[in-house]
Every structure is written in structure tokens, then in C-alpha cells.
Amino acid sequence: MPHQEETIDFRALVEYIPDAIIVHDLEGKILYANPAALSLAGESSLEDAMKRSIFNHIPLGIGELGHQAIGKLLEGEAVPPIIAPLFLVHGERIDVEVTIGLLNTGTRPLIWVILRDMTLGKSAEDIIRERVETERALINTPAEIAVLLDDHGVILNINDNYAKILGRSPQDLLGASLWNLLPPDISVYRRNYFDQALRLKQTVRYEEYRDNRWYDCLVNPVFSKEGRVFRVAIAGHDITQRKLAEKQLRESFNTLKKSNEDLELFAHVAAHDLQEPIRTIVVYSQMLLAEHGDKIPPRAEKYLKNIEHAGLRMHHLVSDLRKYSDVRAREIPREQTDLEGVLGFALKNLQTAIQETGASITHDPLPTLPVHRIQIVQVFQNLIENAIKFRKKGVSPVIHISAVPGDDMWQFAVEDNGIGIQHQYYEKIFVLFERLDHRDDYFGTGLGLALCTRIIERHGGHIWVKSEIGQGSTFYFTLPAG
Ligand code: ADP
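Residues numbered from 1 in each chain as written. Predicted model: local features only at pLDDT ≥ 70, side-chain atom pairs only at ≥ 80, totals over all residues. Heavy atoms only, no water.

Asks: Teacher, can you tell me more about the site of the ligand here?
Replies: In the vicinity of the ligand there are 21 residues, among which Asn386, Asp416, Arg435, Thr445 and Leu449 approach most closely. The separation between an oxygen atom of the ligand and a polar main-chain atom of Gly446 is 2.9 Å. With respect to the ligand, the backbone of Leu449 contributes an N or O atom lying 2.8 Å from an oxygen atom. In isolation the ligand exposes 530 Å². Once the protein is present, 98% of that is buried. If you list the elements that add at least two residues to the shell around the ligand, you get α14 (373-389), α15 (448-458) and β17 (472-480). With 3 residues, the top contributor of residues to the shell around the ligand is α14. Here the shell around the ligand is composed, by residue class, of 9 nonpolar, 8 polar and 4 charged. (Near = heavy atom within 4 Å. Polar contact = N/O pair within 3.5 Å; in protein donor to acceptor, adjacent residues only side chain to side chain. Areas by Shrake-Rupley, 256 points an atom, 1.4 Å probe, with all protein chains shown as cover. Helix = DSSP H or I, 4+ residues; strand = E, 2+ residues; numbered from the N terminus. Nonpolar A, V, L, I, M, F, W, Y, C, P; charged D, E, K, R; others polar.)

Pasting the structure below:
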């Protein structure tokens, strides 16, 4: 007599399990689905389900991930369970743990799939919290590209624009692996950033150029309650406009730099080459006046004096321009220099003006600093010369030079009791060729302060002025201590 109890119908076991169990062949034809699977799928009977292919079954088909897993199984590799989104027929999304295995029937391999609803066993609070977390990650990224992935790169949510870039509708993309949608080379390095965000648990940022557009991409890990990265939100902002503007700015900067250099070179050459002809004009007009002055009619003599004056003015201009264009090199050779000696030298050059105006000049003890000696002589000389030149009518210049050490800079000041400068001209006067309205009263070229600025800035310092009209001016400048 046969043992009745040995022919147990094992099917009954899987019929009661809350997990969805499906068996299908390699072509995807569904051979079996337990009641949990049928209810998940919204199928009314096993017969109906058996007419369908698992690969394009909505919602059971896990698409690309399924294909990959089957490929691995057939090669004998183990496939660990994965978490994937599953979109129910009425639109609700649940996360399922998918376990896939090979069922060897002896004749042909079959595939079994178990889908476990991850929301089962979780408190409603946890589920809501995770959803909120997830949606917030997406809402927080009002970007041109926004996609929410699980920790394997499966798309859980995607904005319309990114779906459009990928050439599909958002619905088509849900549940697909992002890595399979991108060209292989792009996929590899994107995945790299994604892995970094998972591993480091930190936001990773990169810039990407694609289809003629630049994107600034942020890969943000989203944490589960246990502190695990269970989602990754990627946001890409279109920064093409900014990139173009940067490029234009760089190009204009280079053009400007080039034309500036050309102009500098021109000034340099012109200043050198003009010196000689100007000297000739001045010398010959002086010789004419000296040797033939008695034979020259008064009118012609006046003309000659005008030529001599204009020549002298030109000579000053060209010589200042030459000094200015000589201070071109970015790296200036410096040596420890006693500024007492520097000031002494400058005062010696100004000896005549000092005597003629009765100027009284005092100074604090001055330090020894690493500077370009000749250039700093020029700075002191120009500032003191201006302090004498822009004196009040009938008042002898009183000038004091102070020096105060700071943390890493020394601050110097040249203070006078001259005519002063109106507040609105504080910056203008440092610009090349800028002079104030009294050009007829005071001789000058408008180059002195521009030269001082250039020298001080090349030394790593600053120069500025404070002044009170009718009271006097103080020109400050700083120089590095070491
Ligand atoms: P320049 O002395 O050849 O005119 P600068 O570049 O040295 O050229 O000075 C620019 C202008 O700044 C001067 O024309 C003058 O108007 C003003 N300025 C400079 N130094 C003083 C000063 N100590 N007091 C009053 N005004 C000054």
C-alpha cells in the first residue's frame, strides 16, 4: 500500500507565505505565481498571469536588474538579494527585497523570484519617515537634473527634464538601473562618484559636460534611521551660462592683458626713443638763444623760449614715463636696505626745492627693509616733492615722515601742511596722468603717484591718502617687514 502521507503537496506551503513567489523560464514565461504574487500583481488568476512574460510585466518585472541577475546565475555566480522599488497597479510604490535563484529541474533551468515587501514589519512611522526623507531629498534639489537612486543605483524617482535627457518618460525609468541607461564611459565615472558618496557618507561634487551643456552635480547621500546610506539624491544644475561667461571673461582678460603689455612696450620704447630728439630740441633752442639772442627779433625770441619750455615739459613727461615703464617686472630684486639712507638720498635730490621754499622736514627713525633701493628712493622723493610743490601760498612747507611697525608690514606716512585734496579725488589722483584743476599753477606730469602706486604694489604693499582741504595731506604706504 502506498504511503499516502509521503506525497505531500509542497505547493500548499508557498501558497500561504506572505512573500510573493514567482517561477519563470528563461524566456520570461511565468509558470507559477503564488497568491501573494498574484495579489501584488493585481492578477485575478494564475492562468492569466501565465500568459504574460515576467520581463515586461508591470509591476512584477524588475526589468534590467532581473536580466543581469539571471545572467550571473547562469554563470554560476551567487546573486545577493537587492532592494528595488515596485510600483503597484494603482500607482503606489513599495520597496521590495528581491531574491533570485536558479531552479534546476534536470531538463531546463528555471528561475524563481521571491519578492518581500519591505514595508511589512516596519512601523508606519518608519515608512512615513523614510518617504519624507526620500521626497525631501528630491524636493530640495530644484535642479535641471534630479534623480533619486537606491544604494544600487536603481531609479526611485526622476524629474521630467532628466528623463527627457535620457530619452524616456519618467514612468519608464522607475526601477531601471541608472548605470545601464548611460553610455559606458559616462556610467563608469558617474558610478565612481556615487560609490564615493556611499562610502564616505558625504556629498560629492563634480562638473560634467554633456550634449553641449555644463552641469554642476551634487551627489547627496540620504541616511536611514540606522545611519545607513539607503538612498542617493543626485542634483545637476545647468551652469552652461556661467561657464560661457567665465570663458568670455578669461578671453577678454587675456586680450586686455595682451593689449596692456603691447601698450607698456610701446610706452617703454617711445619713452626711450623720444628722449634724444627732445634733448636736441631743448639744447638747440637754448644754443640759438645764447649765441644769436642779440640778432633775433623779440617776437622770434619769444617763440624760441616757448619751444624751449615745451621741450622741457616733454622731457619731464618722457622721463617720468620711462621711470614708470621701467617698473614692469613682477618679480623685483630686493636687498636689505637702510631706509634712512634712502630718505637721505631723496632729500639730496630735492635739495634745491627744499632750500628755495624753506621747507622743514623731520622724520621718525626708519627701519632696514628688503626693498628695491632705487624704486623706494623714487617713492619718498615723489611724495616729498609733492608735499613741497602743493604748499599753501606764503606758507613754508612743514613735512614729517613717520614709520610704524606692524605684524608683518611697516606703515609709513608723509604728512604735509599744504593745500589739501578734496575727498572725492582720493582715488583719482593715483591714476596715470590724473591731475587736479590747478595744472597751470603747479608744474607736473600726473605720473608721480601712479609710479608710487606701482612700486608699492609690486613690493606687496598699499598706498592711500587722507587729507583736509586747506589743512594738509598725509600719504600713507606700507611695505612688508620681511
Ligand atoms: P603731478 O604731481 O605730476 O601732478 P602726481 O601723480 O604726483 O602728479 O599727483 C597727482 C595729483 O595729486 C596732483 O596733480 C595734485 O593735484 C594731487 N596731489 C598730489 N600730492 C599732493 C599733496 N601733497 N597735496 C595736495 N595735492 C596733491
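Asks: How should the sheet that holds strand β9 (residues 213-223) be read in this particular structure?
Replies: Neighbouring strands of a sheet are bound in pairs by backbone hydrogen bonds; such pairs are parallel or else antiparallel. In space, the 5 strands of this open sheet follow the order β7-β6-β10-β9-β8, with antiparallel pairing throughout. Lying at the two open borders of the sheet, with one neighbouring strand each, are β7 (155-158) and β8 (204-210). Across this sheet, the average inter-strand angle for adjacent strands is 20 degrees, counted without regard to direction. In this sheet, strand β10 (residues 229-238) lies alongside β9 in antiparallel orientation, the contact comprising 9 bridges. Paired with Tyr215 across the two strands is Asp238, which belongs to β10. The sheet contacts of helix α10 (residues 240-292) involve β8, β9 and β10, and relative to β9 the element is tilted by about 130 degrees. (Pairing = 2+ DSSP bridges. Axes fitted to C-alpha atoms, helices over the stretch in contact; angles between N-to-C directions. Contact = heavy atoms within 4.5 Å.)

Asks: What is the right way to read the sheet that holds β17 from this model?
Replies: Strand order in the open sheet formed by 5 strands is β12-β14-β15-β17-β16, and the pairing between neighbours is mixed. The outermost strands of the open sheet, each flanked by one partner alone, are β12 (360-363) and β16 (463-468). This sheet shows a mean twist of 15 degrees between the axes of neighbouring strands, independent of strand direction.

Asks: Please clarify how the nonpolar core should be interpreted in this entry.
Replies: Within soluble globular proteins, side chains that are nonpolar generally end up buried alongside one another. Ile376, Phe380, Ile384, Phe412, Ile429 and Phe477 are the most contacted members of the largest nonpolar core, which totals 49 residues. No other element matches the 8 residues that α14 contributes to this core. Every residue in contact with Phe477, bar those within four places of it in the chain, is listed here: Val379, Phe380, Leu383, Trp410, Gln411, Phe412, Ile456, His462, Ile463 and Trp464. By size, the runner-up hydrophobic cluster in this structure holds 25 residues, among which are Tyr32, Leu38, Ala49 and Leu115. (Core = buried A, V, L, I, M, F, W, Y, C linked by side-chain atoms within 4.5 Å. Buried < 20%, exposed > 50% of the residue type's maximum accessible area, 1.4 Å probe, protein only.)

Asks: Help me understand the environment of Leu110 in this model?
Replies: Its place among the elements puts Leu110 in strand β5 (residues 109-117). The spatial distance from the C-alpha of Leu110 to the C-alpha of Leu31 is 9.2 Å, given a sequence separation of 79 residues. Leave out the neighbours within four places in its chain, and Leu110 touches Val23, His24, Asp25, Leu31, Gly101, Leu102, Leu103 and Thr105.

Asks: Sorry if this is basic, but what is going on with the pairing of strand β15 (residues 409-415) here?
Replies: Remark: a regular strand shows side chains that alternate across the two faces of the sheet. In terms of strand pairing, strand β14 (residues 398-405) meets β15 through 6 bridges, oriented antiparallel. Across the sheet, Ala403 pairs through a bridge with Phe412, a residue of β15. Here β14 hands over to β15 after 3 residues, the two strands then running antiparallel side by side. Sheet analysis places β15 next to β17, joined by 7 bridges and oriented antiparallel.

Asks: Just checking my understanding: could you explain the layout of surface pockets for this structure?
Replies: Rolled over the atoms, a probe as big as a water molecule pinpoints where empty space is left. For the largest pocket, the calculated volume is near 790 Å³. Taken together, 36 residues line the largest pocket, and the ones lying closest to its centre are Asn386, Lys389, Phe390, Phe443 and Gly444. Going through the elements one at a time, α11 (298-326), α14, α15 and β17 are the ones with two or more residues in the lining of the largest pocket. A per-element tally of the lining of the largest pocket places α14 first, with 7 residues. Partitioning the lining of the largest pocket into residue classes produces 14 nonpolar, 14 polar and 8 charged. (1 Å grid on protein atoms, 1.4 Å probe; cavity = no way out; pocket = protein on both sides within 12 Å on 5 of 7 lines; lining within 4 Å. Points joined across faces, edges and corners; volume = space filled by probe spheres on them.)

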